[in-house]
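Understanding the architecture of this molecule
Here is how the chains run, residue by residue.
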Amino acid sequence: MLSIVLPVFNEEDNLEPLLAEIRQAAPGFGRPWEVVMVDDASTDGSLAVIQRLASAQPEVRYLAFAENRGQSAAFCAGFDAARGAIIVTLDADGQNDPADIPKLLQLFDAGADMAIGWRLKRRDSFMKRIASRIGNGVRNRLTRETVRDTGCSLKIMRAEMARRLPRFKGMHRFLPTLMKMQGARVEEAPVNHRPRLKGVSKYGTWDRAVAGLYDLFGVRWLQKRSFLYSIREKSD
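In this report, the structure presented in the accompanying data block is examined. (Residues numbered from 1 in each chain as written. Predicted model: local features only at pLDDT ≥ 70, side-chain atom pairs only at ≥ 80, totals over all residues. Heavy atoms only, no water.)

We now examine the nonpolar core. If you look at the biggest cluster of nonpolar residues, it comprises 33 residues, and the most contacted ones within it are Leu2, Ile4, Ile22, Phe29, Ile101 and Ile156. If you list the elements that add at least two residues to this core, you get strand S1 (2-8), helix H1 (15-25), strand S2 (33-39), helix H2 (46-56), strand S4 (86-89), helix H4 (101-109) and strand S7 (186-191). If one sorts the elements of this core by residue count, H1 sits on top with five residues. Other than its neighbours up to four places away in sequence, isoleucine 22 contacts Ile4, Leu6, Phe29, Trp33, Val35, Leu90 and Pro98. (Core = buried A, V, L, I, M, F, W, Y, C linked by side-chain atoms within 4.5 Å. Buried < 20%, exposed > 50% of the residue type's maximum accessible area, 1.4 Å probe, protein only. Helix = DSSP H or I, 4+ residues; strand = E, 2+ residues; numbered from the N terminus. Contact = heavy atoms within 4.5 Å.)

Attention shifts here to the side chain of serine 46. Among the secondary structure elements, serine 46 is positioned in helix H2. Apart from the residues within four sequence positions on either side, serine 46 is in contact with Val8, Asn10, Glu11, Glu12, Leu15 and Asp39.

Relative to the elements of secondary structure, alanine 189 occurs in strand S7. As for alanine 189 and arginine 119, which are separated by 70 residues in sequence, their C-alpha atoms are 8.8 Å apart. In this view, alanine 189 contacts Lys103, Leu104, Leu107, Ile116, Gly117 and Trp118; residues no more than four positions away in its chain are not counted.

All right, on to the pattern of salt bridges then. Going through the model one piece at a time under the given rule, you end up with 11 salt bridges. The partner of glutamate 34 in a salt bridge is arginine 61, with the nearest N and O atoms 3.0 Å apart. Placement of the pair is glutamate 34 in strand S2 and arginine 61 in strand S3 (residues 60-64), with a sequence separation of 27 residues. Among the charged side chains, a network of salt bridges with common partners joins Glu21, Asp97 and Arg194. (Salt bridge = Lys/Arg side-chain N within 4 Å of Asp/Glu carboxyl O.)

Below you can see the structure in the form of C-alpha cells.
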C-alpha cells in the first residue's frame, strides 16, 4: 500500500481539490493507496473539511493535533499512522502535483529507497526562489550533499526507514540526508510546481532561513557521529 501523508495547517480551500487530483492520479500508482491528513491545530475550517472527506471516502484517514506542533511533527505523526510500506509526502497547498507521483514511483520500483522531486520552474515569489537557492547551496556545502531541491515536499520513501529517522523541529528540511545516514539510495527527478491558488504561505522566508541554519549544524553533527551496523548471526 501507498500512504500519502499530508500535513495541514489552515488549508481549508485546497484540501478537496487536492484530494480530487490524487484520486485522478491513482491509476498510475499501481497499488492500493490511502491519504493520511494530519491537522496541525488549524484555526480555520480545515479540520471540518478533513472530517467530511474522511467520512465520505474510505481512502482518507486523519489525525488532529491538540496544539500546533509544526510541519516536522505532522510528517512524523503521519509516518507513524501510515499503513503502507511506501510513504509519499506532499504539501497541502496544492503546489505539488500528484500527477508526478507515478514518475517518482518508477525510481522507487527500480531500487531507490527514496525518490525526491526537484522543481524545474518554481512558481514562488522572487525572494522565495532566491532564499531557496541560497539555502540549498549552504545546506549541500555543509552536509556534503548534491541534492538539487531538498525543499520540495514531494518525496517517496520506505516507511520502515522513515520511522527510524531522528526527530527534531525542522527535520523535514533534511530528509534526503537523514535517509542517507541509514544507507538509503536516493534518486531525484524533475517535477511540476504550481502557483498557490488559494490561501497564503504560513511560514516566513527569513524565519525559515535562520531556523534552518541552526538545524544545519545539528545535522552535520549527526552525520559525523552516526553509525550503521549489520548482524552476522544471533541466537533465538
